[in-house]
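# Observations on chain architecture
These are the residues of each chain, in order.
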Amino acid sequence: MFTTAIAGSLPKPEWLAETEKLWPQWKSSGDSLLRAKADATLLWIKAQEDAGLDVIGDGEQSRQHFVHGFLEQVEGIDFANKVTMGIRNNRYDAQVPQVIAPLRLKGRVHAFEAQLARAHTKKKLKFTLPGPMTIVDTVADRFYGDKVKMAMAFAELLNQEALALQADGVDIIQFDEPAFNVYMEEAADWGVQALERAAQGLTCTTAVHICYGYGIEANNNWKKTLGDEWRQYEKVFPALAKSSIQQVSLECFHSQVPMDLMALLKDKDVMVGVIDVASDQIETPEEVADTIGRALQFVPKARIIACTNCGLAPMSRAVAEAKLKALADGAKLARQRYA
């Protein structure tokens, strides 16, 4: 009851990459970089286990960015000539690669880090992939001329890698779709269809993570414009409830999301965000348990997973470690309270 997991990313150590940045530059290259990525992955596996988490991830230590880490192994994408493009409905500008030809995988994308993580933890292993709609929103299309067609092309590639990750021994495959909270009508229409294509044929647990973004200034400023109630989930949750996706991750603590929206996710496991990623303040176990208690009004206890609101990548390592401990301790307290 009240198992614990992180949304995905964790901060990169200073010997691996720039710290507290969403798009950090690597500190080395070649074999040295590969060894540093492996070391950082093992460090965070140990840190998650020491904190007491039930589901372990690789912390996305081998990826510069959660989307581009996948795209780097896709043919038909020009990384040499990036362009500036507004993403997340022009919330902020980013340097993005261009899609210039038919999309194909060059080979395995995340075999190295997935197999490394599987070999070093006996706990359930979750691995994250970007969702097709969010990928489409993070590249410049110079070939397909149709968002839905390009999303389905990406979904097919994601499915190939997801099936391979399952064969690597991954227990949970999570697709990250922050774009679902931006393009709500399209998400409920073709976004969920593309997500289902990405998850086609998987027999492991499938999940989707939908948040209001990392704790960076552009996202925090956007949240200030959303009013007293953030009802974006209301558009896509009914479509997800009808889908085959088994777990849904949502932002909760220190947000203006009405908690009754969780009731729309009938028969789904709900990853309730009980850790704020936009503040360095460390949650107390009591705060975490209180958030879980409020979620219990709308979700059966057997279906609640305590999670972070989003990734912790832009935070300091010390803050992230303390928040992992608070997550585990708070869930333990909730088990005592609500058993």
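Before reading on, note that the structure itself is shown above.
Below is a summary of the structure that appears in this document. (Residues numbered from 1 in each chain as written. Predicted model: local features only at pLDDT ≥ 70, side-chain atom pairs only at ≥ 80, totals over all residues. Heavy atoms only, no water.)

A few words now on the packing of helix α9 (residues 285-295) against helix α10 (residues 317-338). Here α9 crosses α10 at 55 degrees, and the two axes come no closer than 7 Å. Taken together, α9 and α10 sit at an angle that is classed as oblique. The handedness of the crossing between α9 and α10 is right-handed. Counting all contacts with α9, which are made through Pro285, Glu286, Val288, Ala289, Asp290, Ile292 and Gly293, the residues of α10 involved are Ala326, Leu327, Asp329, Gly330, Ala331, Leu333, Ala334, Arg337 and Tyr338. Looking at the contact of α9 with α10, its residues break down into 10 nonpolar, two polar and four charged. (Axes fitted to C-alpha atoms, helices over the stretch in contact; angles between N-to-C directions. Helix = DSSP H or I, 4+ residues; strand = E, 2+ residues; numbered from the N terminus. Parallel < 35°, antiparallel > 145°, perpendicular 65-115°, else oblique. Left-handed = near helix turned anticlockwise from the far one by under 90°. Contact = heavy atoms within 4.5 Å. Nonpolar A, V, L, I, M, F, W, Y, C, P; charged D, E, K, R; others polar.)

Turning next to the pattern of salt bridges. If you walk through the whole model with that rule in mind, you get 17 salt bridges. Between aspartate 137 and arginine 88 there is a salt bridge, with the nearest N and O atoms lying 2.9 Å from each other. Residue aspartate 137 is found in the loop between α4 (132-136) and β6 (140-141), and its partner arginine 88 is found in the loop between β3 (74-87) and β4 (92-105); the two are separated by 49 residues along the sequence. The two residues aspartate 137 and arginine 88 agree in class, both being buried. With a closest N to O distance of 3.0 Å, glutamate 229 and arginine 231 form a salt bridge. Each of the salt bridges in this network shares a partner with another, and the network as a whole consists of Arg108, Glu161 and Asp168. (Salt bridge = Lys/Arg side-chain N within 4 Å of Asp/Glu carboxyl O. Buried < 20%, exposed > 50% of the residue type's maximum accessible area, 1.4 Å probe, protein only.)

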